[in-house]
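For reference, the chains in residue letters:
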Number of protein chains: 2
Amino acid sequence: MLKSFRFTDGFLARQARLVCDTVVPYQEKVINDEVGDCAPSHAVANFKNAAYLNKNGVMAENGEFYGQVFQDSDVAKWIEAAAYSLQIKPDVCLEKRLDELCDVIADAQEEDGYLQTYFTLKRPTEKFKNLLEAHELYCSGHMMEAAVALYDVTGNDKLLRIMQKNADMLYQRFVTEGAEGYPGHPEIELALMRLWRATGDERYKELAEHFINVRGVDAEFYDRESEKRNWKIWSGKTGDLKYRQAHLPVREQQDAVGHAVRAVYLYTAMADIAAVTKEEKLTEACFRLFDSIVKRQMHITGGIGSSRIGEAFSVDYDLPNDTAYCETCASIALVFFASKMLKLKRSGSFADVMERAIFNTVPAGMELDGKKFFYVNPLEAIPGVSNVAPVYIHARPVRPGWFGCACCPPNAARLFASSANYIWDTEDGVLYSNIFAAGELALDNVCISVKTDYPFGDTVTYTVKEGSARLGIHIPEFTLQNFSISAKGELADGYYYVDARAGDVITLKLDMSPRINRTSIKVASNSGKAAITVGPLVLCAEGADNDGEVFGFTLDGEAELLLEKKTPAEIGGFGNAANDLGKVYTVLADGYELVSCDPEALYFNEYREEKRRIRLIPYFMWANRGLNQMRVWIPVK
Amino acid sequence: MLKSFRFTDGFLARQARLVCDTVVPYQEKVINDEVGDCAPSHAVANFKNAAYLNKNGVMAENGEFYGQVFQDSDVAKWIEAAAYSLQIKPDVCLEKRLDELCDVIADAQEEDGYLQTYFTLKRPTEKFKNLLEAHELYCSGHMMEAAVALYDVTGNDKLLRIMQKNADMLYQRFVTEGAEGYPGHPEIELALMRLWRATGDERYKELAEHFINVRGVDAEFYDRESEKRNWKIWSGKTGDLKYRQAHLPVREQQDAVGHAVRAVYLYTAMADIAAVTKEEKLTEACFRLFDSIVKRQMHITGGIGSSRIGEAFSVDYDLPNDTAYCETCASIALVFFASKMLKLKRSGSFADVMERAIFNTVPAGMELDGKKFFYVNPLEAIPGVSNVAPVYIHARPVRPGWFGCACCPPNAARLFASSANYIWDTEDGVLYSNIFAAGELALDNVCISVKTDYPFGDTVTYTVKEGSARLGIHIPEFTLQNFSISAKGELADGYYYVDARAGDVITLKLDMSPRINRTSIKVASNSGKAAITVGPLVLCAEGADNDGEVFGFTLDGEAELLLEKKTPAEIGGFGNAANDLGKVYTVLADGYELVSCDPEALYFNEYREEKRRIRLIPYFMWANRGLNQMRVWIPVK
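Source: prediction; values computed, not measured.

### What about the relation of the copies chain B and chain A?
Rotating chain B by 180° and moving it 0.0 Å along the rotation axis overlays it on chain A with an RMSD of 0.0 Å. On the angle and the small slide along the axis, the relation comes out as a two-fold axis. Scanning chain B for the C-alpha nearest the rotation axis identifies Lys637(B), at a separation of 2.2 Å. With an isologous cut-off of 70% or more, the 98% of interface residues of chain B that recur at the interface of chain A puts this contact in the isologous class.

### Topic: empty space enclosed by the protein
In the structure shown here, the tally under the stated rule is eleven cavities of 30 Å³ or more. Around the largest cavity, the lining comprises 20 residues; the ones closest to its centre are Asp322(A), Ser525(A), Asn321(B), Asp322(B) and Ser525(B). What the second largest cavity holds in volume is close to 80 Å³. Mapped by element, the contributors of at least two residues to the lining of the second largest cavity are β12 (515-519) of chain A together with β15 (553-555) of chain B. Of the residues assigned to the lining of the second largest cavity, the class counts are six nonpolar, seven polar and two charged.

### Observations regarding the pattern of salt bridges
Summed over the entire model, instances satisfying the criterion amount to 94 salt bridges over all chains. Note that Arg224(B) and Glu180(B) form a salt bridge whose closest N and O atoms lie 2.7 Å from each other. In this pair, Arg224(B) sits in helix α10 (residues 221-228) while Glu180(B) sits in the loop between α7 (158-176) and α8 (188-199), placing the two residues 44 residues apart along the sequence. Judged by relative accessible area, which is 30%, Arg224(B) ranks as partly exposed. Linked through salt bridges whose partners overlap, the residues forming this network are Glu80(A), Glu145(A), Arg194(A) and Arg414(A).

### Brief notes about the nonpolar core
Of all hydrophobic cores here, the largest spans 227 residues; its most connected members are Met143(B), Leu159(B) and Ile293(B). Ranked by residues supplied to this core, first place goes to helix α11 (residues 260-277) of chain B with twelve residues. With near-sequence residues (within four places) excluded, Leu159(B) lies in contact with Ile79(B), Cys102(B), Ile105(B), Met143(B), Ala146(B), Ala147(B) and Leu150(B). Among the nonpolar cores identified, the runner-up in size contains 226 residues, and Cys102(A), Leu150(A), Leu471(A) and Ala541(A) belong to it.

### What about helix α6 (residues 136-154) of chain A?
Residues and elements named next belong to chain A. Between its first and last C-alpha, α6 extends 27 Å over 19 residues, near the 27 Å set by a 1.5 Å rise per residue. The buried fraction of α6 is high, at 16 of 19 residues. One or two residues past the end of α6 sits Gly155, with phi positive at roughly 80°.

### Section: the environment of Glu189(B)
Residue and element names in this part refer to chain B. Tracing the chain through its elements places Glu189 in helix α8. Spatially, the C-alpha atoms of Glu189 and Thr463 are 38 Å apart, while their sequence positions differ by 274 residues. Within the local environment of Glu189, its side chain forms a polar contact with the backbone nitrogen of Glu187, the two atoms lying 2.8 Å apart.

### Quick word on the packing of helix α7 (residues 158-176) of chain A against helix α9 (residues 202-214) of chain A
All names here are of chain A. One can describe the packing of α7 onto α9 by two numbers: an axis separation of 10 Å at closest approach and a directional angle of 50°. When the axis of α7 is compared with that of α9, the two are oblique. Here α7 runs over α9; the crossing is left-handed. Each of Gln164, Ala167, Asp168, Leu170, Tyr171, Phe174 and Val175 in α7 lies in contact with α9, whose residues at this interface are Arg203, Tyr204, Glu206, Leu207, His210 and Phe211. Each residue belonging to the contact of α7 with α9 can be placed in one class, and the counts come to eight nonpolar, two polar and three charged.

### Some thoughts on the packing of aromatic side chains
Going through the model one piece at a time under the given rule, you end up with 68 aromatic pairs over all chains. Note on Phe11(B) and Phe359(B): the rings are 5.9 Å apart at their centroids and 40° apart in plane angle, and the pair reads as tilted. Taken together, the residues span a long stretch of sequence, with Phe11(B) in helix α1 (residues 11-31) and Phe359(B) in helix α14 (residues 348-364) at a distance of 348 residues. The two residues Phe11(B) and Phe359(B) agree in class, both being buried. Through a chain of ring-to-ring contacts, the aromatic side chains of Phe11(A), Phe359(A), Phe436(A), Tyr454(A), Phe456(A) and Phe620(A) assemble into a single cluster. Just above the ring of Tyr222(A) sits the side chain of Arg244(A); from NZ or CZ to the centre is 5.9 Å. Positioned above the aromatic ring of Phe174(B), the side-chain terminus of Arg173(B) is 5.6 Å from the ring centre.

### Re the interface of chain B and chain A
Each partner contributes to the interface: chain B provides 57 residues, whereas chain A provides 56 residues. Of the roughly 4600 Å² buried at the junction of chain B and chain A (both faces included), carbon and sulfur atoms supply 56%. A per-residue breakdown of the area chain B buries against chain A is headed by Arg518(B), Leu602(B) and Tyr603(B), which together make up 18% of the total. At the surface where chain B touches chain A, the tally comes to zero salt bridges. For the pair chain B and chain A, the interface holds 22 residue pairs in polar contact (both at pLDDT 80 or more). Counting residues per element, the side of chain B that touches chain A draws most heavily on strand β12 (residues 515-519) of chain B, at five residues.

### Considering helix α2 (residues 43-56) of chain B
Residues and elements named next belong to chain B. Counted at 1.5 Å a residue, the expected span for α2 with its 14 residues is 20 Å, and the 20 Å between its end C-alpha atoms agrees. Those residues of α2 lying buried are Ala43, Val44, Asn46, Phe47, Asn49, Ala50, Ala51 and Leu53. Contact partners of the buried residues in α2: α1, α3 (72-88), α4 (92-108), α5 (117-121) and α6 (136-154). One or two positions beyond α2, positive phi appears at Gly57, with a value near 75°.

### Brief notes about the side chain of Asn526(B)
Within the element layout of this structure, Asn526(B) appears in the loop between β12 and β13 (529-534). What Asn526(B) contacts, discounting residues up to four positions off in sequence, is Tyr603(A), Asn321(B), Thr519(B) and Trp633(B).

### As for the pairing of strand β5 (residues 439-442) of chain A
Residue and element names in this part refer to chain A. Because side chains alternate across β5, one face comprises the buried residues Gly439 and Leu441, and the other comprises Glu440 and Ala442, none of which is buried. Bridge count for β5 against strand β6 (residues 446-452) is four bridges, and the pairing is antiparallel. When the bridges of β6 are listed, Gly439 appears paired with Val450. From the end of β5 to the start of β6, which pair antiparallel, there are three residues.

What counts, and at which threshold
Residues numbered from 1 in each chain as written. Chains lettered and ligands numbered in written order. Predicted model: local features only at pLDDT ≥ 70, side-chain atom pairs only at ≥ 80, totals over all residues. Heavy atoms only, no water. Least-squares fit on C-alpha atoms with pLDDT ≥ 70 in both. Contact = heavy atoms within 4.5 Å. 1 Å grid on protein atoms, 1.4 Å probe; cavity = no way out; pocket = protein on both sides within 12 Å on 5 of 7 lines; lining within 4 Å. Points joined across faces, edges and corners; volume = space filled by probe spheres on them. Helix = DSSP H or I, 4+ residues; strand = E, 2+ residues; numbered from the N terminus. Nonpolar A, V, L, I, M, F, W, Y, C, P; charged D, E, K, R; others polar. Salt bridge = Lys/Arg side-chain N within 4 Å of Asp/Glu carboxyl O. Buried < 20%, exposed > 50% of the residue type's maximum accessible area, 1.4 Å probe, protein only. Core = buried A, V, L, I, M, F, W, Y, C linked by side-chain atoms within 4.5 Å. Expected span 1.5 Å × (residues − 1). Polar contact = N/O pair within 3.5 Å; in protein donor to acceptor, adjacent residues only side chain to side chain. Axes fitted to C-alpha atoms, helices over the stretch in contact; angles between N-to-C directions. Parallel < 35°, antiparallel > 145°, perpendicular 65-115°, else oblique. Left-handed = near helix turned anticlockwise from the far one by under 90°. Phe/Tyr/Trp six-rings, centres within 6.5 Å; stacked < 30°, edge-to-face > 60°. Lys NZ or Arg CZ within 6 Å of the ring centre and 35° of its normal. Buried area = accessible area lost by both parts, 1.4 Å probe. Pairing = 2+ DSSP bridges.

Right under this line is the structure:
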């Protein structure tokens, strides 16, 4: 966690504040079963019951495990988000409650360091016998991330010590004793790298590398494991090895495949390790897999994993809009992956991908009031079809509340609460500004103040208050051909390098004019269509702004796009919770409405095209005004 | 069967000939397990084994039942197609083999008239205990249709007597004794109406009406039935009652829902009964359900049942192109339904729907050589995605051979072999020409010769050779605003009525100019797109004619479409089997190709549009030249 950055204002500050004020408190209630209108979570209760069992040797009354096998990770993700929130909004009561929760977790941990309440409470003799499905390493990973976050922000090392004990046990088992196997759901690999950095204990990096190295090498491991036990969690069978990226050794994997979140968590760890080890084959695999995603399998919104079957990557150039899956968590993982790729190569293209996700799919995953969430982020919503017809049943056009499988809400919370980590980074003595955000940065060598309305403004001003630094300022791809900067420096691969010292005021002017984007002709679903972007923001047309109807509209590709800045209240229909967004970009676009001479006809030959103007709003703001049509890709003529 | 019509030439004659020369002989081999390269059918063997068991009281060696529970219907559908083929192409050897097969079926029938080899061989004590799944009434229905066809064409009444005995048993059971229940897969209702017409036995009509009347009235029937037995064929559970149109009494059903073939077979019987009984509520339901299909759920190709989940109707205006299911059998059923609707109201709109299916989806279901078949008829094929990505796994871009569940090939065969029934019909003293086809018609009162190249020509000439008749000539919707006819008459609801007598030559000129079709703006998947039609033919753009690439093309909506007539050889790439199509319509269309300045970019802002001309061919000819792109709906500017 970059502790030395404080937001002043702007979009990412607003999202972080929303997490602190609304999401973290709400999720705390959820995991403690204090919310009446959603399914019981029991996530904290599971820890309490495991602690009781460990202490007393007998189960507590009504002390059974409840929930998914990975229910513990809800607590972990909440702790991680809550820890980051303390950085944004200090709260001594929350800090105290976190500390108390750490005590519960300490008691829930078994003598040898084992920690997963599902097995402690439900299958105490079956540990590590179902790496395929049981998410033990996944839950450990998330709790390690929580531990590192809590330690980084507050200095409280209780959870860190718990997870070191856990990691020590895992190292003993998988490295020292050579137990076979690797996690069905990658996650612990990236977490172990964080634990390594937080503690300096090389064994954790070694264990991360171990899981990376053995993955997919022994293709029959899961089958063998399955044959040895007589129980299962879901199917118990290996199924498609690609689903969990176990089809090939990771260094030989060619395409991003399978369950998107699993895949990109894995690739994130691979990139992190490659940046440390400088190993060529692993580095090449990371570049190959990153390209596989962003050059052939990524929606313009930064949504990835287009197939609802398996929440997975589909095949190259299959990017449907109405049936897209695009799990919020997958785009969050993409931010992680891109941020690690920056450590392999300082190229603006990686920061561009972070922006694409952070300003589009990830915030779209959350209602503007922070109370409802999307798992699935389609690029087209068709009332009456989306979430109704079986093929579209996953594609909800309005956000429901907390899910039974609650992975996305806390994941979005931790991303926004920790966005400073993506806004800034340092490497080889250069201070990198990856994403523009207003705030104050104080490092040992330099203090900088940044003013900007980005992504709703075209100016960024860096004022060096104290000290000096070599700055690397990411110039986003959309403005690379057209920007001005008041300081002398050099542009290299999407970063503008400036040597700045106290008193310097560097003003950057961006090209935020609306742009018409087209898609490769290999993508059948977007042929003849255009999407409009303003800076990093993808826009969409929603029925709420357009008399309820957007599917009859064809954009005039020659007409000027009219950029406006409006508050949500001026756009209309948004609740009060959206007011703190301030003025956002919207676009008025001219085009034509198809009008049939027979309005009831399904097919017709006689029609006229009437001039029409429609309003487009940022994609992340969609579905905040009830059920209505939405589309990102619009036919163009 | 309209025995008195003989094709001379033209498209439908060609399809009928193909059925006689290729499909019927091939399918005969399949059901007799004489084809090496496809899964064993065992369909005739099942009858032989049941016959052996009935005669000897013990199972024959290796005499087990093999195949789907409805395997018998493969034999039935083949007999029906073969019977029709004898009308097109007399064949005394085939007639003899059919007669011998009837003897086997007679022996396979049980004493009381029961006939389904699955139960006779496999579950002799479980008859009629699983109307939900067991397809007993479905198989009876298909065999009744076969019996009527064989009797109509050849006068051989062996199978007719077998199926009368079967129907008598069913009447006894369901009407006389009041056994509860109705078929999980409607089919027998329309078959019983045919059996009634062939035999004059009123009980068969009564039984058809009975099944119609009880359907969906007792919503819990299938659940009760399920509880009473301890076996199942698939899930054994009722599931979604809409899937089998049992959610409401048929007269109260509002929308076409569920499995499309089941639905439309049911609606066909309803329309047939309504035309006889003149019952208002049933008639209204038929009109409502027909409109539900053709006004809100039908692809322009006549494909229906757009959802692969359940091979089913989806919801209104959900008409995807790339993931469309559009089972061949469903469009065949639509021809049946529309032909019965003509008996409820003589409106050209019903004949238009028959044409839409007969000239587009139904022939597309069959390779031009008659040897391979599509179940699923998408309107867009994307090599590398179609039949590859899980969401598109059903949407094959090239036809495979015979299927394990072989419903579509024999269904297409019987439709084409009996197309005379749809080309002509008579009612209330009027002789109706519904579909233009070259041939000779000889009725008691009139002999007429028709010359035309339709659908590949714009002229139809009716020459009255003998006698006289009041002719009702269907003027297709596409030419209704622009046609000429040499005889004085009256146009009413899509039919042109002429009193014709010996010596009259009536020449009809149609408007076969290419037309640009648009779709209701309620259909999101077609917005901004146009489909080109010539007469009843929907055209498509295939990669084979367009340098392998059609998805980058945008049609110039203002440019003239150039109509050409070409043989398949002139178009190029078709095998010799296509030569007998003669000259077909193709269209050259002008437009633009999207060219990115960066050909590798997934998304881009810099591009140009280059003038390009593409060739379109009739949709029914697609996928005859290997794997390549195909699209019906093309972006238009």
